[in-house]
Amino acid sequence: MPLPYRGRGSRLASSRVASTSVHSPRRAGRGAPWSSHALRLTRRRHSSEQVPPGPEPQADFRSGKWLQEHAGGDARDSQQTARAGMGSRHRICSQEEVVIPCDSDNDSGSVDLQLSNLEDIKKDPSSLELTDSDIFDITGLSQESFIDSFRHLTQQGPVSEANVERLIQSIQEVFNGELQMLIEEEPLHSLFSSVRQEVFITIANLRQTFQAFSEMLQSLVVKDPHLENLDTIFKQMDPWLQSTKDHERERATASMAQVLKCLSRHLSLKLPLRFQRLGHFVALMALLCGDSVTEVAEEAAEGMHCLLHVTLRLKCTIYDKKNHPNLRRAMKKCQELLELYSIKQFYSCPFKIAQIFEAFLNSNELFQFVMTTLDGLENLKHPCTQKSAGELLITMVKNAESRFEKVPEIMGVICARLSIISQPRVRRQIINTVSLFISRPKYTDIVIGHLLCHPVPYDRHLAELWRTLEVELPSTTWILWRLLRKLQKCHNEPTHEKMAYVAVAATDALYEVFVGNRLQAATFRLFPQLLMTLLIQIHHSIGLTMSDVAVPSGLYTGQEMSSEVTPLCFAIQATKSLLLRTLCWQEFNIMEKNKGWTLLEGKECHLQGVSLLANALLERNHLLAQKVMYLLVPLLNRGNDKHKLTSAGFFVELLQSPVARRLPSIYSIVRLKDWLHHGNRVFKFLALRGLCYLIKHQDMREDIRSLLPCILDLLCETDEKIVLLAIQILLQLVGTMDFTTLTAMMKTLFTLFGDVRSDVHRLSMTLFGASIKSVKYTDKKGVENQVLDSLVPLLLYSQDENDAVAEESRQVLTICAQFLKWKLPQEVYCKDPWYISPSEAGTVCKFFGKKCQGKVNLLAQTLMFSKNAKLPIRRAAVLFVGLLLKYVDCSELRTKGTDWIENEIISIDLHLQPGFCGHLDLKALLHDPEPSLCIIASQALFRVQKVGAEPDSRQSIPG
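Treat the numbers as computed from the prediction; the structure is a model and nothing was measured.

Visitor: For this particular structure, what's the right way to read the overall build of the protein chain?
Guide: The number of helices and strands found in the protein chain is 52 helices and 2 strands. When each of the 959 residues of the protein chain is scored for burial, the buried share is 55%. A total accessible area of about 42500 Å² is found for the protein chain, and carbon and sulfur atoms account for 51% of it.

Structure follows, in C-alpha cells:
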C-alpha cells in the first residue's frame, strides 16, 4: 500500500489494523482509497515545508521499524527529557503535524444500509421480529463477515499500553525537551544542520503518530466492544470534535469514524447497557456532517452511517425485551426516508439524519441532542455549523413532538443564547424552535410560564421572540388564549394582597404580541376576552408601583428598575396596541380626544373611561360590541369587586344596543335588580343606568315596573347620580303608577324642592309636574292639598339664580294652575327679579292671595323661606311677605297679632324643608350683611308693624 508521504518502507505492525478498515458507502462508490485522503491531508497540512533537494533521508527514520524501536525506548535515550507536567492524557492529535491513518485500497467490508434489504419490512412491518441477525440482514451485512474481515487484526493483537505510553513520551521529548532548545539556538540560515534535519525527520515520523493513535483506539474497541468504551472514547474526543481548528476537527472525526466502523462490526450488547451520551453524540456527528470543511463532513457521514447501525442494534436489544411497538414504527420510518434519498443526498443534509435518529432516541437523549445543537448555534466562528444546528434543532423538535421532558431547561438555554447570536437566520431558527414548542398543547403552558419569568419590560431579544413567533394558524388562538388565561387567573385572587408578577409579565407579553402582529387572526377572534381582561388589569393596577408586585426573588439582581415602570403603564400600552391591531382606529381616536386613557387611569373616574370606550365601540363597531356583550353575560359573576365593576360598567353601556332586548331577563333585568340591593353604591348606579337603557323597550317596561318600590327608596340616597338616574326611570314609569305609589312619590319629591343639588332640585320638580299630569280625574281631590302646598315653593323658586331651576319652577307652576283650573297672570313668567319690578310682584301676590284664601296659609309658608340658603330666595320671600300683608285677612291678624311675624321663633322640620334655617323672624334680617335684604326686610317689617298698630282698620283683599 502506498505510504502517505514520499518513499515506501516497512510499516508498523499494528498499522495493519488500518488496512482492515472498511470503506464507507461514499468511498466504495467512487473507489477513492483511504490512503489518498491521508496523503491529501498530509500535503495540505505541510505544504509550507520547503525541504531542499538532497539525498533521501535515512529510511529507518521514516519507517515503521524506526517508529517501533523509538516507541520501545531503545533508540534515542539522549532525547528522553520529557517534562513531568505532561501526561498520557494530552491529546496527540492536537499537534498540527499529525495525520489520519491510512487503509488499504482493497477493503471489502461495508456497512451500507441497502435499500433492497428493507423490502420485507415495507411489505409487512407489523410482523417484524428484530434480533441481532435481523439487523445484519437489514443492513446487508452478516455477522460472519464482521469476524472474518477482522480475524487478522485480532491475530496481530492490540497495541500495548506500555508502547502507547512510550510513544506519548517520545512526542513530549520533541516539543518539550532539549531538542527545542537546540532548535532555538540554531542559526536561521542553517537549514541543513544536523539538528534541523533531525527536526524534519521527527515531524515526518509524527505523521505516522496519529495513525498509531487511531489504530490504538480501534484495537481497544475490538478487544472490548462494549458501549462503555465508546462512551469513554467519546468523552475524550468530544473537545477535539468541537474544536474551532479545522485540522483538529478533521482528525478527530476521522478517528471516530474508524472507531464506529470497528464497533459496528464487533459490538457486544450485554445488559446493562451504559452508553449515556447517545443524544449528544448523534447531534455532534450530525453537526459535523454539515461542516464547512469537506473532509470533516465526509468523515462524519461515514461515522453517522456506522452509528446508525450501532443505534439500531442498541434499540433492538432494549425494545425487544418489552416488545416495544415504537421500534417497528421507527424502522418503517427509517426505510421510507432512505428510499426517498440516496446515501449521498442523505448524509449531505444533517436534518435528514435527524429524521432517522429521532425515532430511536428516548426523552433524555432527545434533550442531549437539543442541548448539543444549541451549543452549535453559539459557535459564532462557524456559520455553516450554525446553519446545520438550526436545521437539526427545528427538525428534531418538529418530529419528536411530545417526547421532550425537559422543555424548561431547553427554554432556559434558548433564552440565554438569543443575546449572543447575531446572525438573523440563526436567530430565526432559534425563535422557530420556540414557536414549535409553544404550538404543542403539551408544552404551551410550560413555554409561556418560562418566558414570563423574565424581567419586565422585556429586553429586545425576548421582545423579538414574542413579536415574531411563527405559529401555524390553528395553533395561534390556543397560544394567545393560554397567555390570556395566565392573566385572567390573577384577577381571581384577593385584591388586598400583592399583585402577582405573572399578571404584569403577561400584560407586557400581550403588548409585544400585538406589536408584532404575527397572531392577528387570533387577536381578532379573542378581541372581547382580550379587551375586557386588559381593562380589568388596568383597574387592578391603578395606583400600584412595582413594589406592590410580588416580584420573584433574584429576578432583578444587579438591575435597577425605573420608577416609570408600573403595572398600569403595561396595561395601558397593551390596551392601546390591541385597539390599533384590531383596526379600531376611530375608537382609539375617541379615547384620545376625550382624555379616555387618563380617565381609565384614575381611581375615581375609571368607570367613566370604561363607559367612554364602550360607547365608542358601540358607535363605531357594533359587531365587536355585540360580541363583547355576549362575552360579559357569564363574566359578570366572576372575580373580585374590581373585576366585576369593570365588567359591569362595560356591559351596562352595551345595553343601549337593540340586541340587548334579546337577552333573557335573567341576564338583564334580574341581574340589575340584584345590583340595586348591592352594598356598593357603584353597583346601584350601574343598575339604574342599565334600567334607563332597557326601559326604552316597551316590552321590558312591565318587568322594570316591578322594581318601583326599590327605585323610589333610592330617591333618598345621598349620591346625586343615583337620585338623578332614579328620577329618570320614574319619569318613564309615572304614567303606569297606581294612585298610592303616585302620592307617595309626590311627597318624597316635595322634600327635594330646594335641594342644594341643582339637578336634583330641577328634576324633582319635573317629576312632580309629570305626576300631577298623571293623576286620574277621579283621584284629583286626593292630591289637591299637595298641589296647593307646592305653590309657594314653586313661586319662590321661580326667582332662583339658576335659570334652569327657575324656568322649571314656572313650568311646573303652570301645571299646578292647570290642575287647579287657574289662569296665572303673565307676571308669573317674568324673568326679572321681583325687587326690580315691585309692581309685577304685587300683581302675583294679589293673584295668589285671592286664590289661596282659606286654603293655604301663604304668609306662614312664605316666612319659612326667609332663611333659605340662597340669597335670591330669601330676598323674594321677605318681599313677598311685605306685599302679601295687603291681601291678608285683617281679622285673622287682629286675632293672632303680629308678634309671630316680627320675632316669633318658628320651628322648622329641616327634613321636610332642606336648606331652611330653624329660627325665623324679620327683626333678625335687619342685621343681615346683604344690604338689599336689610332694606326689603325693614320695609316688610314696617308694613307688619303698621298693620299691628291699626287693629280697627278694615282691610280686605280686592276682588
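Visitor: In this structure, what is going on with helix α19 (residues 350–357)? I would like to understand it.
Guide: For the α-helix, the turn length of 3.6 residues means that residues three or four positions removed from each other point alike. For α19, the tally of buried residues reaches 7 of 8 residues, placing the bulk of the element in the interior. Three or more residues of α19 are buried, namely Pro350, Lys352, Ile353, Ala354, Gln355, Ile356 and Phe357.

Visitor: Where do I start with the packing of helix α22 (residues 407–418) against helix α23 (residues 424–439) in this structure?
Guide: For any two helices packed against each other, the geometry comes down to the angle between their axes and how far apart the axes lie. For the pair α22 and α23, interaxial distance at closest approach is 11 Å and the crossing angle is 155°. Here α23 runs roughly antiparallel to α22, going by the angle between their axes. Once α22 is placed against α23, the crossing between them reads as left-handed. Residues Val407, Ile410, Met411, Ile414 and Leu418 of α22 lie in contact with α23, whose contacting residues are Arg427, Ile430, Ile431, Thr433, Val434 and Phe437. Across the contact of α22 with α23, the residue classes tally to 9 nonpolar, 1 polar and 1 charged.

Visitor: Explanation requested: unusual backbone geometry in the structure shown.
Guide: What is expected of a backbone is that most residues other than glycine have negative phi and most peptide bonds are trans. The step from Val456 to Pro457 runs through a cis peptide bond, and the omega angle for that step is -5°. Relative to the elements of secondary structure, Pro457 occurs in the loop between α24 (441–451) and α25 (460–467). Even without a glycine there, the phi angle at Asn517 is positive, about 70°. Positionally, Asn517 belongs in the loop between α27 (501–516) and α28 (520–525). With a phi angle near 65°, Lys821 is a residue other than glycine that sits in the positive phi range. As for its placement among the helices and strands, Lys821 is situated in the loop between α45 (803–820) and α46 (838–851). The exposure class of Lys821 is exposed, given its relative accessible area of 69%.

Visitor: Even after reading the chapter, I still don't get a positive patch on the surface, so can you show me in this structure?
Guide: A cluster of like positive charges, contributed by Lys846, Lys850, Lys851 and Lys855, occupies part of the molecular surface. Relative to the helices and strands, Lys850 resides in helix α46.

Visitor: What exactly am I supposed to notice about a nonpolar patch on the surface here?
Guide: On the surface, a nonpolar cluster with roughly 330 Å² of combined accessible area is contributed by Phe524, Leu583 and Trp585. You can see Leu583 is positioned in the loop between α30 (567–581) and α31 (585–593).

Visitor: Would you mind going over the packing of aromatic side chains with me for this structure?
Guide: In this structure the tally under the stated criterion is 13 aromatic pairs. Aromatic rings pair up to connect Phe404, Phe437 and Tyr443 into one cluster.

Visitor: In this structure, what is going on with the pattern of salt bridges? I would like to understand it.
Guide: A side chain with one charge can pair with a side chain of the opposite charge if their charged atoms come near. Per the stated rule, a full pass over the model turns up 18 salt bridges. Linking Arg661 and Asp699 is a salt bridge whose minimum nitrogen-to-oxygen distance equals 3.4 Å. Of this pair, Arg661 sits in the loop between α35 (641–654) and α36 (669–676) while Asp699 sits in helix α38 (residues 698–705), and the two are 38 residues apart along the sequence. What you see here is one network of salt bridges that share partners, running through Asp246, Arg249 and Asp291.

Visitor: For this particular structure, what's the right way to read the packing of helix α43 (residues 780–789) against α45?
Guide: At a closest axis distance of 11 Å, the pairing of α43 and α45 adopts a crossing angle of 140°. Put simply, α43 runs oblique to α45. Remark: the crossing between α43 and α45 carries left-handed chirality. Residues Lys780, Val783, Glu784, Val787 and Leu788 of α43 form the contact with α45, whose participating residues are Cys816, Phe819 and Leu820.

Visitor: What is the right way to read the nonpolar core from this model?
Guide: Note on soluble globular proteins: their nonpolar side chains tend to be buried together. Membership of the largest hydrophobic core comes to 259 residues, with the highest contact counts inside it found for Phe404, Phe650, Met745 and Phe848. With residues near it in sequence (within four places) discarded, Phe848 still touches Leu791, Leu795, Leu813, Trp822, Leu824, Val828 and Leu858.

Visitor: How do you make sense of the environment of Cys349 when you look at a structure like this?
Guide: Mapping Cys349 onto the fold places it in the loop between α18 (343–347) and α19. The exposure class of Cys349 is buried, given its relative accessible area of 18%.

Visitor: Can you walk me through the side chain of Glu587 in this structure?
Guide: Note that Glu587 resides in helix α31. Nearest to the buried, unbridged Glu587 among oppositely charged side chains is Arg620, at 6.6 Å.

Visitor: What am I meant to see in the environment of Asp231 here?
Guide: Structurally, the position occupied by Asp231 is in helix α13 (residues 227–241). Along the sequence, Asp231 and Phe281 sit 50 residues apart, while their C-alpha atoms lie 9.1 Å from each other.

Visitor: Looking at this structure, I do not really get α46. What am I missing?
Guide: With 14 residues, α46 should cover 20 Å at 1.5 Å per step; its first-to-last C-alpha distance of 20 Å lies within 8% of that length. For α46, the set of buried residues is Ala841, Gly842, Val844, Cys845, Phe847, Phe848 and Gly849. Residues of α46 that are buried sit in contact with α44 (791–797), α45, α47 (858–863) and α48 (871–884).

Visitor: Any chance you could explain the side chain of Asp719 here in plain terms?
Guide: As for its position among the elements, Asp719 is in the loop between α39 (708–713) and α40 (720–733). Among buried charged residues, Asp719 stands out as having no salt bridge; its nearest opposite-charge side chain is Arg681, 4.4 Å away. Beyond its immediate stretch of four places on either side in the chain, Asp719 contacts Arg681 and Arg757.

Visitor: Could you clarify how one ought to interpret the confidence of the model for the protein chain in this entry?
Guide: Do not read the predicted coordinates in detail wherever pLDDT is low. When the pLDDT values of the protein chain are averaged, the result is 74; 68% of them are 70 or greater. Across residues 1–159, where pLDDT falls below 50, the model places 300 contacts with residues more than four positions away in sequence or in other chains. This model gives residues 952–959 a pLDDT under 50, and the stretch forms 18 contacts once residues within four places in sequence are excluded.

Visitor: So what exactly am I meant to see when it comes to the environment of Leu820 here?
Guide: By secondary structure assignment, the location of Leu820 is in helix α45. Residue Leu820 is classed as buried on the basis of its relative accessible area, which comes to 14%. Distance from Leu820 to Val787, taken between C-alpha atoms, is 8.2 Å for residues 33 residues apart in sequence.

Rules used throughout
Residues numbered from 1 in each chain as written. Predicted model: local features only at pLDDT ≥ 70, side-chain atom pairs only at ≥ 80, totals over all residues. Heavy atoms only, no water. Helix = DSSP H or I, 4+ residues; strand = E, 2+ residues; numbered from the N terminus. Buried < 20%, exposed > 50% of the residue type's maximum accessible area, 1.4 Å probe, protein only. Areas by Shrake-Rupley, 256 points an atom, 1.4 Å probe, with all protein chains shown as cover. Axes fitted to C-alpha atoms, helices over the stretch in contact; angles between N-to-C directions. Parallel < 35°, antiparallel > 145°, perpendicular 65-115°, else oblique. Left-handed = near helix turned anticlockwise from the far one by under 90°. Contact = heavy atoms within 4.5 Å. Nonpolar A, V, L, I, M, F, W, Y, C, P; charged D, E, K, R; others polar. Patch = residues over 30% accessible without salt bridge, like charges linked within 9 Å, V, L, I, M, F, W, Y side chains within 5 Å. Salt bridge = Lys/Arg side-chain N within 4 Å of Asp/Glu carboxyl O. Lys, Arg positive; Asp, Glu negative; His and termini not counted. Charge placed at Lys NZ, Arg CZ, Asp CG, Glu CD. Phe/Tyr/Trp six-rings, centres within 6.5 Å; stacked < 30°, edge-to-face > 60°. Core = buried A, V, L, I, M, F, W, Y, C linked by side-chain atoms within 4.5 Å. Expected span 1.5 Å × (residues − 1). pLDDT = per-residue confidence, 0-100.

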